[in-house]
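Residue-level listing of the chains:
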Amino acid sequence: MKFILTSEYKPTGDQPKAIKQLVESLDQGEKSQVLLGVTGSGKTFTIANVIAQVNRPVLLLSHNKTLAAQLYGEFKQFFPDNAIEYFVSYYDYYQPEAYLPTTDTYIEKDLAINDEIEKLRLSASSALLSGRRDVIVISSVSSIYGIGNPKDFKKNVIPLKVGQIISRNQLLYSFVDSLYSRTEADFNRGNFRVKGDTVDIFPAYGDTAFKISMWGDEIESIESFEPDSGSIIEPYEEINIYPANLFITSKDKIKDAIVMIQDDLRKRLDYLTENGNHLVAKRLEDRVTYDMEMMKELGYCSGIENYSR
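Engineer: Go over the pattern of salt bridges, please, and point to the residues and values.
Structural biologist: In the structure shown here, the tally under the stated rule is 14 salt bridges. Aspartate 134 is the salt-bridge partner of arginine 132, the closest N and O atoms lying 2.8 Å from each other. Residue classification places arginine 132 among the partly exposed residues on the basis of a relative accessible area of 35%. With a relative accessible area of 0%, aspartate 134 lands in the buried category. For aspartate 200, the salt bridge is made with lysine 211, and the minimal N-O distance between the two is 3.2 Å. In this pair, aspartate 200 sits in strand β11 (residues 198–202) while lysine 211 sits in strand β12 (residues 209–215), placing the two residues 11 residues apart along the sequence. Classification of aspartate 200 as buried rests on a relative accessible area of 1%.

Here you go:
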């Protein structure tokens, strides 16, 4: 789908010339350009016209969350029929864990994640993997950090279509592998629930849920619905369900990582013990062992032997 610019205004003044030069330079493979203009001169509108003419996916980096949010709102108005996505850090508050050996004080990691921003981040990732080209991702420079492997994220996309042969249990397992949680109580983003031959799933990146009706091992129908009221919105012939978390990875990779962690732990404990730091060594062993046990409880690391000193 192409970018469709929606605006009651037309380029005026120096804007038509700037748009023409920017587009021509992009078509010629120019990698760096600078658009100059005072505040209020319409630079955002000028860039919107360039995007509409060039028709390429766009990554727009802003200085901070505030300006990114402003640009997100403006581009949503300019391109209401295209995928305008918002990708910034989802932490409202973050305090890293810390340890003070002198007093044997351990300070737990503390954080607060903004659920709405997390939804928008997942929506951005899903739009990029959907295959569509009319995508603008508006981000802040502070969000440039590891988000998991895109290949692993793509491997866990679940394609579903009417008439598809898949057992209900296989469908449920695929949701779990994509980090969705089964619930019988509150039906929120990132959850799925089962009612007889009907499976409801609420994508972590959207505002509507999907009702998948089964007839034996065949998908009989797929419908979107409003999660609060349950009212049906529209039927679908096929949909893709994207993972509920950006940090998804394969079980094999996690097992390999656990083995490496155990090896590193063994070396570090030996070093600390040899240097008389027994208290630090005990704290480190307890913490790392606890983390690995938690991963095993989640079913990621079955078959990995515990390390014991």
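Engineer: Tell me what's going on with the packing of aromatic side chains, and back it up with residues and numbers.
Structural biologist: Enumeration over the complete set of coordinates arrives at 13 aromatic pairs. A centroid spacing of 5.4 Å and a plane angle of 70 degrees characterise the contact between phenylalanine 3 and phenylalanine 79, whose relative ring orientation is edge-to-face. Of this pair, phenylalanine 3 sits in the segment before α1 (15–27) while phenylalanine 79 sits in the loop between α3 (65–78) and β2 (83–87); the two residues are 76 residues apart in sequence, bridging distant segments of the chain. Summarising the aromatic geometry, the rings of phenylalanine 45 and phenylalanine 78 are spaced 5.6 Å apart at their centres and angled 45 degrees between planes, so their arrangement reads as tilted. Taken together, the residues phenylalanine 45 in helix α2 (residues 43–54) and phenylalanine 78 in helix α3 connect sequence positions 33 residues apart. An aromatic cluster of three or more residues is present, and its members are Phe3, Phe45, Phe75, Phe78 and Phe79. Over the ring of tyrosine 90 we find arginine 121, and its NZ or CZ is 4.5 Å from the ring centre.

The rules we used
Residues numbered from 1 in each chain as written. Predicted model: local features only at pLDDT ≥ 70, side-chain atom pairs only at ≥ 80, totals over all residues. Heavy atoms only, no water. Salt bridge = Lys/Arg side-chain N within 4 Å of Asp/Glu carboxyl O. Buried < 20%, exposed > 50% of the residue type's maximum accessible area, 1.4 Å probe, protein only. Helix = DSSP H or I, 4+ residues; strand = E, 2+ residues; numbered from the N terminus. Phe/Tyr/Trp six-rings, centres within 6.5 Å; stacked < 30°, edge-to-face > 60°. Lys NZ or Arg CZ within 6 Å of the ring centre and 35° of its normal.

Take it as geometry only, folks, not as evidence of what the structure does.
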